[in-house]
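One letter stands for each residue in the lines below.
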Number of protein chains: 2
Amino acid sequence: MRNENASRAATTAALMSAHPRATADPEARAAAATDRSGYVPATPPDVVVRCESAEDVVDALRLAHARGLPVVPRGAGTGLAAGASAHEGQVVVDVSRMNRILSIDPVEMIAVVEPGVLNADVNAAAAEHGLFYAPDPASTAICSIGGNIATNAGGMWCAKYGVTRESVLGLRVVLADGRVLRTGRTTIKGVTGYDLNALFIGSEGTLGIVIEATLRLRPRPVRTETLAAYFADVESAGRAASAITAARIQPSILELMDGPTLAAVDLAEGTRHRELGAAFLLAQTDGYGAHLELDEIARAVAPFAMSVHPAADDDEAAALVKARRDAIPSLEKLGRVSIGDIAVPRNRLADAFAGLEEISARTGVRIFSIAHAADGNLHPMIVVEPQESITEGPAKIALGEMFHLAQRLGGTLTGEHGVGLLKREWVAEELGEMSVELQRAIKAALDPAGILNPGKAI
Amino acid sequence: MRNENASRAATTAALMSAHPRATADPEARAAAATDRSGYVPATPPDVVVRCESAEDVVDALRLAHARGLPVVPRGAGTGLAAGASAHEGQVVVDVSRMNRILSIDPVEMIAVVEPGVLNADVNAAAAEHGLFYAPDPASTAICSIGGNIATNAGGMWCAKYGVTRESVLGLRVVLADGRVLRTGRTTIKGVTGYDLNALFIGSEGTLGIVIEATLRLRPRPVRTETLAAYFADVESAGRAASAITAARIQPSILELMDGPTLAAVDLAEGTRHRELGAAFLLAQTDGYGAHLELDEIARAVAPFAMSVHPAADDDEAAALVKARRDAIPSLEKLGRVSIGDIAVPRNRLADAFAGLEEISARTGVRIFSIAHAADGNLHPMIVVEPQESITEGPAKIALGEMFHLAQRLGGTLTGEHGVGLLKREWVAEELGEMSVELQRAIKAALDPAGILNPGKAI
Ligand SMILES: Cc1cc2nc3c(=O)[nH]c(=O)nc-3n(C[C@H](O)[C@H](O)[C@H](O)COP(=O)(O)OP(=O)(O)OC[C@H]3O[C@@H](n4cnc5c(N)ncnc54)[C@H](O)[C@@H]3O)c2cc1C
Ligand SMILES: Cc1cc2nc3c(=O)[nH]c(=O)nc-3n(C[C@H](O)[C@H](O)[C@H](O)COP(=O)(O)OP(=O)(O)OC[C@H]3O[C@@H](n4cnc5c(N)ncnc54)[C@H](O)[C@@H]3O)c2cc1C
């Protein structure tokens, strides 16, 4: 069996060897096998094509298509759903080296970029013109725009500015057979034809490979104000977040962390958040009336909070934002982490936290929770010992329970990380068989041979 | 021939007569033949099904599908692209009587509505809870939410809050064969599966009939400020609008009218705008810092303007907004109007106006122009004598020239009204053959028999 597999892999590699960027180097293959989900396939992919240009991607897909070889698109490999995971028999098309910012138009507030450029690099380039790119995953420094588009990534600023879909005006995409399609446009509005742009955004590499994106940038706010509030328990913090929504205030950031997560951050960073409460809410407002709007937030959360701390200056504000950004890295020091991603209606946040505590108690799995609270998007993080499995056993049972909790509260399986490989079994339950059937029909219309990221997303 | 047609029509009507809401009444058929585009087909549709419930729509599509009869979905019939136009051999499925607001959740800020409800009625109901529905076409009092969704309608507030797509969370849609599909969700975020919601939004009734929509409402701004500015010519006003964008200010409304339109409004309404200048810019800001942001707008437009008039109170502000809302009705008093809908990059507005003046001079067709200036979306309005054709001859030539002007400036054929029947011939030129081919493949995946709104949109 092992020999047979090895020779099949050699055949795939031989078939792709016509491509100047193809490599069957074992290290490259092992590195391209998975992402940051914690899932590792039993076997690595057969070959990795490290593309440096649009032509490289076109050639890779032409070759693969002619031979019916399955292709896994890969960006920076920071995904949390094993969307970029690849195993034996598969060809990885890695676009991380296509990482140029092709142009920035500061007047029109548009950037044209290659897919492999890191999210943070786009933001750094935009900042030179007083602009920013709104969808800012916590992984901004390590994830690529192509991966962001493929997962419709979100982040802190999405509370006010929407997710990736709201910031991508147009795409160039290589289809399964190597043809190049343009979607969207460079104007803000436009309704000619179906919204293929939105169809590709969030399609997790199953419909095409993004080789260029036209991004909408936004003016950096003239003024930003920040506060933190601490609570006796996470339900109170959830209620405070819902109270902000109910008070009709529009924070630009509204992030929540529970007590265990605060303790983990303190341990890793030497801070002392946990002493101040068993849950933490970070709120930011921006715009000409940011200070007035922040006062309203302080008023709305006060009845639920132990204490409220408006940041006195930029340094204090930065320290509060950093605490939130430190959450995942801090937990990763405690063990193996599986990052959940459910979303619920905004006024069900407290119920979601209560449900997660109950799941943790019942399954015996440790769950740490943070949330993009303004959008009702929770990241319950399961932490197991380094030697335990994160994709099987109790961790997997807890993941399934989280999904059912989200469903019960009128929510969804994944707010921003995607379905990938790891959440596929719940998709039909959420969407219904008919929706899945239609999605397959659309997939078949665009990729009749089914070579693009098979077994992922739908 | 006439007899043959008449008997074919009778056959269709007979086939649909099993439906309790079907009527072959000549008046009903004539009324359902077209919309507000000015286009009138040579023959009316054979039968109109006036649906009162989801079941009525399902039954209508089942009947039509079984017999292969082409179906034209119809809302309020205010469309400007003849998308709802129907001719002999076709069945109109009219959902305008399905006009209930099913629920409003003021805490979650969500409304669930039937498709036939008027845009203004949703806004009136939302206002009772201190909320509003952002996409507000100038036709708000007469157009339906289903039609808004089918065209991805825009309006004045879209400058800040985005178009229909940004305010529709979920849909219930009847597919061509009568099956009912749910798209989207009730949470703000979610990435399970492809974005079928966005696929249906703007699909102009070619993929399914919307029978229910879950709409995102927003808090009414705590504060709104308004100003008007007058200019010596429309290019100056265009430059002022681009200067606002370039100054990184986010108006909630930014509307432009040219001199001829101002004169038409004055004539119809007894106002005196044209005396103050040959172009008009209306700007509104909202939020906690609205007054501060309006000052910035005044500063940005001053170098281009003859005069700048901040509204002293709500009445003054309402009068300025009304002037803009009066534009189309005022022009309709001058003759037959064809309303264009091109969009260009935001800093090409002045070039677009110059180009329109040139087209008017060259073709001898009168063109009046207004624009959603913050989004670069222009409505050049061709006005001909009541007895002249609006869809043939010089008017049509001018329409084609407008489209090519938009293309030259990097823009698009239609910003918010849709392609319908009248703009189909330019679609392939804008999107490319391959994109059109893919769209047809998607259409075929959802409507294999091709019965839904054939010959429209793509
Ligand atoms: C510490 C940490 C924090 C995170 N925080 C967030 C967060 O706040 N919000 C959030 O949304 N996510 C977050 N993530 C998840 C992850 O960073 C995002 O999903 C990101 O968008 C993935 O980008 P990538 O370039 O790493 O994609 P990859 O992991 O390489 O791929 C992800 C998916 O996209 C596909 N893909 C990649 N590139 C392309 C392309 N060019 N064309 C077509 N398909 C492509 C892949 O096939 C795969 O299905 C976090 C991850 C980590 C490790
Ligand atoms: C004076 C005036 C001002 C206008 N201003 C604006 C403006 O500012 N912005 C703007 O975007 N538009 C504007 N319009 C155009 C028009 O009002 C919009 O296109 C509106 O969205 C059409 O809605 P309706 O209900 O009248 O649709 P209809 O005209 O009945 O139909 C329009 C299209 O939608 C389809 N459709 C209708 N209902 C459904 C349904 N339930 N399911 C599936 N498909 C359906 C039809 O088949 C057709 O293709 C204006 C029109 C007028 C007359």
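Residues numbered from 1 in each chain as written. Chains lettered and ligands numbered in written order. Predicted model: local features only at pLDDT ≥ 70, side-chain atom pairs only at ≥ 80, totals over all residues. Heavy atoms only, no water.

The name given to chain A in an unreviewed UniProt entry is FAD-linked oxidase C-terminal domain-containing protein, with the source organism recorded as Sinomonas terricola. UniProt, in its Cofactor (unreviewed entry) section for chain A, records the words "FAD". (UniProt positions renumbered as here; feature names shortened; annotations may be inferred.)

For chain A, the helix and strand inventory stands at 16 helices and 18 strands. The C-alpha radius of gyration computed for chain A amounts to 22 Å, which stays within 12% of the reference 23 Å derived for 458 residues, consistent with globular compactness. By the burial criterion, 62% of the 458 residues in chain A qualify as buried. Sequence-distant contacts in chain A: of pairs separated by 6 or more residues, those separated by 24 or more amount to 73%. Accessible area of chain A: about 16000 Å², with a carbon and sulfur share of 51%. (Helix = DSSP H or I, 4+ residues; strand = E, 2+ residues; numbered from the N terminus. Rg over C-alpha atoms; globule rule 2.2 N^0.38 Å. Buried < 20%, exposed > 50% of the residue type's maximum accessible area, 1.4 Å probe, protein only. Contact = heavy atoms within 4.5 Å. Areas by Shrake-Rupley, 256 points an atom, 1.4 Å probe, with all protein chains shown as cover.)

Residues and elements named next belong to chain B. Helix length check: helix H13 (residues 349-363) (15 residues) gives 21 Å between terminal C-alpha atoms against 21 Å at 1.5 Å per residue, within 8%. All of the buried residues in H13 are Leu349, Ala350, Ala352, Phe353, Gly355, Leu356, Ile359 and Ser360. Structurally, H13 contributes buried residues whose contacts are with helix H8 (234-246), strand S13 (253-258), strand S17 (366-372), strand S18 (377-384) and helix H14 (393-408). Phi turns positive, to about 70°, at glycine 364, one or two residues after H13. (Expected span 1.5 Å × (residues − 1).)

Before going further, it helps to examine the site of ligand 1. Residues and elements named next belong to chain A. The environment of ligand 1 is formed by 34 residues, the closest being Pro73, Thr78, Gly79, Ser139 and Ser144. Interatomic distance of 2.9 Å between a backbone N/O atom of valine 210 and a nitrogen atom of ligand 1. Notes on ligand 1: free accessible area 970 Å², of which the protein chains cover 98%. At the level of elements, strand S3 (71-74), helix H5 (145-151) and strand S10 (209-216) are the ones that each hand at least two residues to the shell around ligand 1. It is H5 that contributes the most residues to the shell around ligand 1, five residues altogether. Partitioning the shell around ligand 1 into residue classes produces 14 nonpolar, 16 polar and four charged. Here the shell around ligand 1 gathers at least three residues from each of two domains, domain 1 (2-94) and domain 2 (101-219). (Near = heavy atom within 4 Å. Polar contact = N/O pair within 3.5 Å; in protein donor to acceptor, adjacent residues only side chain to side chain. Nonpolar A, V, L, I, M, F, W, Y, C, P; charged D, E, K, R; others polar. Domains from an automatic or database assignment.)

Okay, the site of ligand 2 next. All names here are of chain B. Surrounding ligand 2, one finds 34 residues, the nearest of these being Pro73, Thr78, Gly79, Ser139 and Ser144. Within the side chain of serine 144, an N or O atom sits 2.6 Å from an oxygen atom of ligand 2. Elements with a minimum of two residues in the shell around ligand 2: strand S3 (71-74), helix H5 (145-151) and strand S10 (209-216). Per-element accounting of the shell around ligand 2 gives the leading share, five residues, to H5. The residue inventory of the shell around ligand 2, partitioned by class, reads 14 nonpolar, 16 polar and four charged. Residue contributions to the shell around ligand 2 reach at least three from each of two domains, namely domain 1 (2-94) and domain 2 (101-219).

Residue and element names in this part refer to chain B. With mixed pairing, four strands are arranged side by side in an open sheet as S1-S2-S4-S3. The sheet is open, and its two edges are formed by strand S1 (22-23) and S3, each paired on a single side. Across two bridges, S1 lies against strand S2 (residues 47-50) in antiparallel orientation. For threonine 23, the partnering residue across the bridge sits in S2 and is valine 48. (Pairing = 2+ DSSP bridges.)

Another point: the packing of aromatic side chains. Residue and element names in this part refer to chain B. Evaluated as defined, the whole model comprises eight aromatic pairs over all chains. Relative to tryptophan 157, the ring of phenylalanine 132 has its centre 5.0 Å away and its plane inclined at 75°; by these criteria the two rings are edge-to-face. Here phenylalanine 132, found in strand S7 (residues 131-132), pairs with tryptophan 157, found in the loop between H5 and helix H6 (158-161); they are 25 residues apart in sequence, far enough to count as distant. For the pair phenylalanine 132 and tryptophan 157, a shared accessibility class is recorded, and that class is buried. (Phe/Tyr/Trp six-rings, centres within 6.5 Å; stacked < 30°, edge-to-face > 60°.)

Before going further, it helps to spend a moment on the sheet that holds strand S15 (residues 307-310) of chain B. The strands that make up a sheet pair up through hydrogen bonds in the backbone, lying either parallel or antiparallel. Residues and elements named next belong to chain B. Strand order in the open sheet made by the seven strands is S15-S12-S14-S13-S17-S18-S16, with antiparallel pairing throughout. Since the sheet does not close on itself, it has two edges, and those belong to S15 and strand S16 (336-339), each with one partner. The average angle at which neighbouring strand axes cross in this sheet is 15°, direction not considered. Both strand S12 (residues 224-231) and S15 contribute to a ladder of four bridges, which runs antiparallel. Paired with tyrosine 230 across the bridge in S15 is serine 307. The strands touched by helix H9 (residues 259-269) are S13, strand S14 (279-286) and S17; relative to S13, the strand with the most contacts, the crossing angle is about 90°. Those strands touched by helix H10 (residues 290-301) are S12, S14 and S15, and its axis lies near 10° from that of S12. (Axes fitted to C-alpha atoms, helices over the stretch in contact; angles between N-to-C directions.)

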